[in-house]
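Below, each chain spelled out in residue letters.
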Protein chains: 2
Amino acid sequence: VPNSRRPRRPKIGVFDSGVGGLTVLRALVERIPGADYLYFGDTARLPYGSKSAHTVAHYAVGAVHYLQDQGAELLVIACNTATALALSEIKAAADVKVIGVVEPGADAAAAVTRKRKVVVIGTEATISSHAYRRALEAREVAVREKACPLLVPLVEEGWVEHAVTEQVARIYLSEAFSEDASDADVLVLGCTHYPLIKPLLRRVAPEHIAIVDSAESTAQDVARQLQIEPPSSAQKSSVQTRSERRTVPQLKFFATDSAEKFRKMGTRFLGLPVEDVLHVDLKE
Amino acid sequence: VPNSRRPRRPKIGVFDSGVGGLTVLRALVERIPGADYLYFGDTARLPYGSKSAHTVAHYAVGAVHYLQDQGAELLVIACNTATALALSEIKAAADVKVIGVVEPGADAAAAVTRKRKVVVIGTEATISSHAYRRALEAREVAVREKACPLLVPLVEEGWVEHAVTEQVARIYLSEAFSEDASDADVLVLGCTHYPLIKPLLRRVAPEHIAIVDSAESTAQDVARQLQIEPPSSAQKSSVQTRSERRTVPQLKFFATDSAEKFRKMGTRFLGLPVEDVLHVDLKE
């Protein structure tokens, strides 16, 4: 790959309330390996799910300014709650392009559904913001929204293949796909923690349901925005030639609480070692 | 009751990261109805359980100063995590007497255990601080500590009498009372959310186990400190004479996030209507 075709590596800022957004970073790294990534996890103030729109906007704007100061040229709001509650405030406060997780997820769901009816699951705050409802109804898709507040703590407990998690998922999904949503044909994972239990959700959800993962949809959208082609199979394979080595992503992490905790927890979500973590203090 | 015997009502400040500490306030109100209470819930920054000792101390000291400015003459740290991680910093920063939940809980457990061996359950942060271990070992009681991170979200989901909660509690307690802790005879509820599932825990725990609720132990300790006698049965009954009406507690609430959310969620934890809630912004 001659330098002229890729004059410089894009610097992408990824923001989340904690480690959950690392599933979005994981999808980004798979889709766009030749980029520099700056990931900001606001771990001292998580979870955003229980906070008001005002508080979430305030925190997110502070983090986004920090990422811009570090050189981010494009910002991904990997947090469903922050996207749902505060995307317009974040866009207004940022000087660079901002991409949230809701619109790409809604696009993907609208492209897949044949029945024009989908189910969205997420945290209490994401669901009660009705951000997915608005985005999907604008695409002429009917929506059943279902808050699943226990799934995040179950994932964080590490019970990703546990009988209790399966039972909880069964309860939530049977409520979600009931009555007028019984003929929905898409399940949107509207929370960054859910990709870790995708195999379990696949088993529990009705067989004909397509699962749309907002993390993957967002990574595709970012690639489109940056006009980046899908990586070739040669680049994807573990055997790399010298010229291909430059496509290894550079990852830098910022956390508002303990860097050590972030490192430990983060590796599970990213599926790669989380190494270069800097603790930062954001004044309110 | 002549005025001379009770010259004035004590003003008690109660601090917690959220609504959980309302179970401690509930125990205080039952034990000391003739007091004014100021309750501070740091709901914009909860949960403390996932935060570092440094962050927790910083937040707690800010809240405690706020309560002092409002006139609190005695401070109860109703948050097990804040007590475990930051009690000495809070004491150093406060000008009034400070009582945490760990020491009263440890006192009560030490008084009850015959085997000199107890099990303490709590959040990840409370358990990994080993505050209960230190307090109990100082009383010559052996301890098995067990983090139960799913119980708080289960209580907050409202599943206090749910099959899933029972299954989760069974898993946690069977791990807790295994091997060298199999002959422990006391279970300490080291988290403010757990009193709401005390009936369920009572069913799941081995029959011979005594359950010590840190909230109740703390209320007793506060009453001792204020030299307040247990309320008479006449005062406890719902039929009140005019002279007894003065023993109705005055409750005032401060929350760093939405007052409305605090009101709604709080009523379940307090078992009384939560009315007078003021939103406050604490600068970091």
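Structure: above.
Residues numbered from 1 in each chain as written. Chains lettered and ligands numbered in written order. Predicted model: local features only at pLDDT ≥ 70, side-chain atom pairs only at ≥ 80, totals over all residues. Heavy atoms only, no water.

## Looking at the interface of chain A and chain B
Under the convention used in this document: Note on contacts: a residue pair is in contact if any heavy atoms of the two residues lie within 4.5 Å. Accessible-area loss on putting two parts together, using a 1.4 Å probe and summing over both, is the definition of buried area adopted here. Salt bridges are defined as contacts in which a side-chain nitrogen from Lys or Arg sits within 4 Å of a carboxyl oxygen from Asp or Glu. Polar contacts, as counted here, are pairs of nitrogen or oxygen atoms within 3.5 Å of one another; within protein the pair requires one atom able to donate a hydrogen and one able to accept it, and residues that are adjacent in sequence qualify only if both atoms are side-chain atoms. Per the convention used, a helix needs a DSSP run of H or I reaching at least four residues, while a strand needs a run of E reaching at least two, with both numbered from the N terminus. We call Asp, Glu, Lys and Arg charged. Ala, Val, Leu, Ile, Met, Phe, Trp, Tyr, Cys and Pro are nonpolar, and the rest, Gly among them, are polar.
With 27 residues of chain A at the contact, the number on the chain B side is 27 residues. Here chain A and chain B share an interface that buries about 2,300 Å² over both sides, 55% of which is from carbon and sulfur atoms. Taken together, chain A and chain B are joined by 0 salt bridges. The tally of links between chain A and chain B comes to 2 residue pairs in polar contact (both at pLDDT 80 or more). Among the elements of the structure, helix H2 (53-69), helix H7 (151-156) and helix H8 (163-176) of chain A are those that each provide at least two residues to the side of chain A that touches chain B. Of all the elements, H8(A) adds the most residues to the side of chain A that touches chain B, at 6 residues. Class assignment of the residues belonging to the side of chain A that touches chain B gives a composition of 15 nonpolar, 6 polar and 6 charged.

## Brief notes about the relation of the copies chain A and chain B
Mapping between the two copies of the chain is achieved by a rotation about an axis and a shift along the axis. Basically, it comes down to this: Overlaid copies result from least-squares superposition on C-alpha atoms, with residues included only where pLDDT is at least 70 in both.
With an RMSD of 0.0 Å, the operation that places chain A on chain B is a rotation of 180° combined with a shift of 0.0 Å along the axis. One copy is carried onto the other by what is essentially a two-fold rotation axis. Interface residue correspondence from chain A to chain B reaches 100%, placing this contact among same-surface, isologous pairings.

## Examining the sheet that holds strand S1 (residues 11-16) of chain B
Whenever strands of a sheet pair, they do so through backbone hydrogen bonds, lying parallel or antiparallel. All names here are of chain B. Test applied: Only strands joined by at least two bridges in the DSSP assignment are considered to pair. Axis definition: a line fitted to C-alpha atoms, limited for helices to the stretch in contact. Angles are taken between N-to-C directions and run from 0 to 180 degrees.
Overall, parallel pairing links the 6 strands, which are arranged S4-S3-S1-S2-S9-S10 in an open sheet. The open sheet has two free edges, formed respectively by strand S4 (97-100) and strand S10 (277-279), since each of these has just one partner strand. On average, adjacent strands in this sheet sit at an angle of 20° to one another, irrespective of strand direction. Alignment of S1 against strand S2 (residues 36-41), held across 6 bridges, turns out to be parallel.

## Things to note about the environment of Cys79(B)
Residue and element names in this part refer to chain B. Cut-off, in case you're wondering: The rule is simple: take the accessible area with a 1.4 Å probe, protein chains only, and divide by the maximum for that residue type; under 20% is buried, over 50% is exposed, in between is partly exposed.
Assignment of secondary structure puts Cys-79 in the loop between strand S3 (74-77) and helix H3 (80-93). Assessed through its relative accessible area of 4%, Cys-79 is described here as buried. Cys-79 has contacts with Phe-15, Asp-16, Ser-17, Tyr-48 and Val-101, leaving out every residue within four places of it along the chain.

## A look at the side chain of Asp221(A)
For Asp221(A), the position within the fold is in helix H10 (residues 214-225). Ignoring any residue separated from it by four or fewer positions in sequence, one finds Asp221(A) in contact with Ile99(A) and Pro104(A).

## Topic: the packing of aromatic side chains
All names here are of chain A. The criterion, for reference: Any two rings among Phe, Tyr and Trp, with Trp reduced to its six-membered ring, count as a pair given centres within 6.5 Å; such a pair is stacked if its planes are under 30 degrees apart, edge-to-face if over 60, and tilted if neither.
One pass over the full model with this rule turns up 18 aromatic pairs over all chains. Considering the side-chain rings of Tyr-66 and Phe-254, the 5.3 Å spacing of their centres and the 70° angle between planes classify their relative orientation as edge-to-face. Taken together, the residues span a long stretch of sequence, with Tyr-66 in helix H2 and Phe-254 in strand S9 (residues 250-255) at a distance of 188 residues. Pair check on accessibility: Tyr-66 and Phe-254 agree, each one buried.

## Let's talk about the pattern of salt bridges
Residues and elements named next belong to chain B. Counted by the stated rule, this structure contains 32 salt bridges over all chains. Salt-bridge contacts for Glu-175 lead to Lys-146; the nearest nitrogen and oxygen are separated by 2.5 Å. Here Lys-146 lies in strand S6 (residues 142-147) and Glu-175 lies in helix H8 (residues 163-176), a separation of 29 residues in the sequence. Given a relative accessible area of 16%, Lys-146 falls into the buried group.

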